[in-house]
Amino acid sequence: MKIFGRVFLIVLVAGAVLGVGWSVFDGVQRAKVEAAVRPWISENAVAFDPDTPDSLWSPELARVLGGARLIGVGEATHGSHEDGAAKAAIIKGLVTSGAVDTVILEVNANGGRELDAFIRGESGDPAERVRTANIFRVNKTSALADLIGWLRDWNRTAANPVRIYGIDCQATSPDALLAHQALTRLEPAEAQRLAPPLSPILSSEAQALRFPMLIKSLTSAQLQEAMAALVELRRALERHPGTEDARYAALTAWQGLKAFELETSDGRITGDAAAIADYYSRRDVFMAENILNGPAQGAGVFWAHNNHVAGGVPAGTGYVPTGARLREALGDAYRVVVTEYGTARFNAVPMWLPFPQPSASDAQSEITWTVLHGRPAALFSRAHSGPYWVALSDLPDTEASAAWRALPYTLDWPGWVATPVQFLKAPFRVPLGEMFDVVVYIPEMTPSRPV
């Protein structure tokens, strides 16, 4: 099974469990629960203009997010423009107000280092830097290019320059090579001893492979041997001061293998729904660990998909989003902003069910999702017209509020892979009001603008 099948199976496993027991919320009861909170949402909605994204930031939003050590800012799809631009506007506002000095991206560590070097004074065009960076194609958009250009300008005069860090673990070959080269300079004999078990991920052939294909090129035995060698490599680097980047690279290289260890050439994903959900949680858990234990210091903002920044575990599943671990560790010091939409036209790799899954090299397609039934947009579109944001964290603690916070919603927040036919997707339902602090509602989103 191709690795893109993970996207579908994560939703399928969670949706199969979450759907049970929530059917009692029929249309009449849902309407009654929503009617009790709709006036409050209407009164507390703060309008903005998506064509002028910076209008999203305001002193009121600064108040809602103030005091947090980490703020997760999500996007509803990985291929739409307005939510990406909104994220960039929030990050600029947080930086300008002095609330954060670190931008943490859902990109691999090597790509994060490249973007960090750019905002710390590297010359060149921001769009070209994003286009050539070792980051996922989904991130190669005008929204990110505009942000890193702004951050470079900010850093030119900032007393405390902003840093960028990548916390994903899907660059095992380049990460392992960076770490091994560092050890070669420090302890050539030890590096040579570790070279054989690492050769399947260090070779020039391995370096040329995309990450999913690297995993498929390994046997389970080779993967386990490489993981053990990476542990030894990291321990050896810890003997030497000033090797923090190399140690982090060794760690993320190991994480990439661990997160996908059942998807080797001879691997097989087995187990019950809980075991499979736990397996698919590994990448999210590792990203949380890299944020909490990584090189970033001080307050930060976490740019990722809505599903990753989510501040809780969907009830009844073992799937653990990155944000759930962050909230567990930080409590109210972790705040969550997500984007919801009415109609979304977005760029994605088309997934037609049943399997097989597409290759990531497939050309992107423009997909439209519009169904509102059971989605948060059904409530938000009735509560207030036009684009706006609302702080769910400010909702008064009343019996009506508690009932609404427990109300399950269908979250149609596709990633880079999506079925063109919205009805084919598996249901994924969570109590929106218990997991998110701020919702940015955009009635209509257009495709992302690649650079």
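Residues numbered from 1 in each chain as written. Predicted model: local features only at pLDDT ≥ 70, side-chain atom pairs only at ≥ 80, totals over all residues. Heavy atoms only, no water.

### Remarks on the pairing of strand β6 (residues 334-350)
The element β6 is largely enclosed, with a buried count of 15 among its 17 residues. Bridge analysis of strand β2 (residues 70-75) against β6 gives four bridges, and the strand direction is parallel. From the neighbouring strand, I71 faces β6, where its bridge partner is R335. Bridge count between β6 and strand β12 (residues 438-445): seven bridges; the pairing is parallel. If you follow V337 over to β12, its bridge partner there is V438. With five bridges connecting them, β6 and strand β7 (residues 365-369) associate as antiparallel partners. Bridging from a neighbouring strand, A344 pairs with W369 of β7. (Buried < 20%, exposed > 50% of the residue type's maximum accessible area, 1.4 Å probe, protein only. Helix = DSSP H or I, 4+ residues; strand = E, 2+ residues; numbered from the N terminus. Pairing = 2+ DSSP bridges.)

### Description of the nonpolar core
Membership of the largest hydrophobic core comes to 92 residues, with the highest contact counts inside it found for F302, W404 and L432. The contacts of L432, once residues within four sequence positions are left out, are P376, F380, L392, W404, L407, Y409, L411, W413 and V439. Core analysis: the second largest hydrophobic core is formed by 34 residues, L183, A206, A253 and A259 among them. (Core = buried A, V, L, I, M, F, W, Y, C linked by side-chain atoms within 4.5 Å. Contact = heavy atoms within 4.5 Å.)

### A closer look at the packing of aromatic side chains
Counting across every chain of the model gives 10 aromatic pairs. Note on W150 and W154: the rings are 5.6 Å apart at their centroids and 15 degrees apart in plane angle, and the pair reads as stacked. With W150 and W154 both in helix α7 (residues 142-155) and four residues apart, the pair spans about one turn of that helix. Note on W154: relative accessible area 28%, which makes it partly exposed. In this structure an aromatic cluster arises from ring pairing among F380, Y388 and Y441. For R30, the ring lying beneath its charged end belongs to Y409, and the centroid distance is 4.9 Å. Above the face of the Y341 ring, R375 is positioned so that its terminal group lies 4.2 Å from the ring centre. (Phe/Tyr/Trp six-rings, centres within 6.5 Å; stacked < 30°, edge-to-face > 60°. Lys NZ or Arg CZ within 6 Å of the ring centre and 35° of its normal.)

### Notes on the side chain of E106
As for its placement among the helices and strands, E106 is situated in strand β3 (residues 102-108). Here the side chain of E106 touches R283 through a polar contact of 2.9 Å, side chain to side chain. Within the structure, E106 has its side chain in polar contact with the backbone nitrogen of H305 (distance 3.2 Å). Sequence-distant contacts of E106, defined by excluding residues within four places in its chain, comprise H78, F136, N139, I167, D168, R283, M287, W303, A304, H305 and H308. (Polar contact = N/O pair within 3.5 Å; in protein donor to acceptor, adjacent residues only side chain to side chain.)

### Here's the deal with the confidence of the model for the chain
Per-chain confidence: the chain averages 90 in pLDDT, with 90% of residues scoring 70 or above. Every residue in residues 1-5 scores below 50 in pLDDT, and together they form 18 contacts with partners more than four places removed in sequence or on other chains. When the criterion is pLDDT under 50, residues 7-25 qualifies, and its contacts beyond four places in sequence or with other chains add up to 35 contacts. (pLDDT = per-residue confidence, 0-100.)

### Some details on the pairing of strand β8 (residues 388-391)
A regular strand places its side chains so that they alternate between the two faces of the sheet. Covered by surrounding structure in β8 are Y388 and V390 together with W389 and A391, the residues of both alternating faces. Looking at chain direction, strand β1 (residues 46-47) and β8 are connected through two bridges and run antiparallel. In the sheet register, V46 faces β8, and the bridge partner there is W389. Bridge count between β8 and β12: four bridges; the pairing is antiparallel.

### Considerations on the environment of A145
Counting through the fold element by element, A145 comes out in helix α7. Spatially, the C-alpha atom of A145 lies 38 Å from that of A195, the residues being 50 residues apart in sequence. The residues contacting A145, other than those within four sequence positions of it, are P126, A127, V130 and V451.

### Observations regarding the pattern of salt bridges
Following the criterion strictly, the structure yields 24 salt bridges and no others. Between D394 and R63 there is a salt bridge, with its nearest N and O atoms 2.5 Å apart. With a gap of 331 residues between them, D394 in the loop between β8 and α18 (399-405) and R63 in helix α3 (residues 59-65) connect regions that are remote in the sequence. You can call D394 partly exposed: its relative accessible area is 34%. For R375, the salt bridge goes to E340, with nearest N and O atoms at 3.3 Å. Linking R375 in the loop between β7 and α17 (376-383) with E340 in strand β6, this pair joins segments that are 35 residues apart in sequence. Each member of the pair, R375 as well as E340, carries the same accessibility label: buried. (Salt bridge = Lys/Arg side-chain N within 4 Å of Asp/Glu carboxyl O.)

### A short note on the environment of A246
Inspection of the secondary structure assignment puts A246 in helix α13 (residues 244-259). Of the residues examined, A246 reaches a relative accessible area of 6% and is grouped as buried. For the pair A246 and A117, spaced 129 residues apart in sequence, the C-alpha separation works out to 16 Å. Leave out the neighbours within four places in its chain, and A246 touches L178, A179, A182 and L237.

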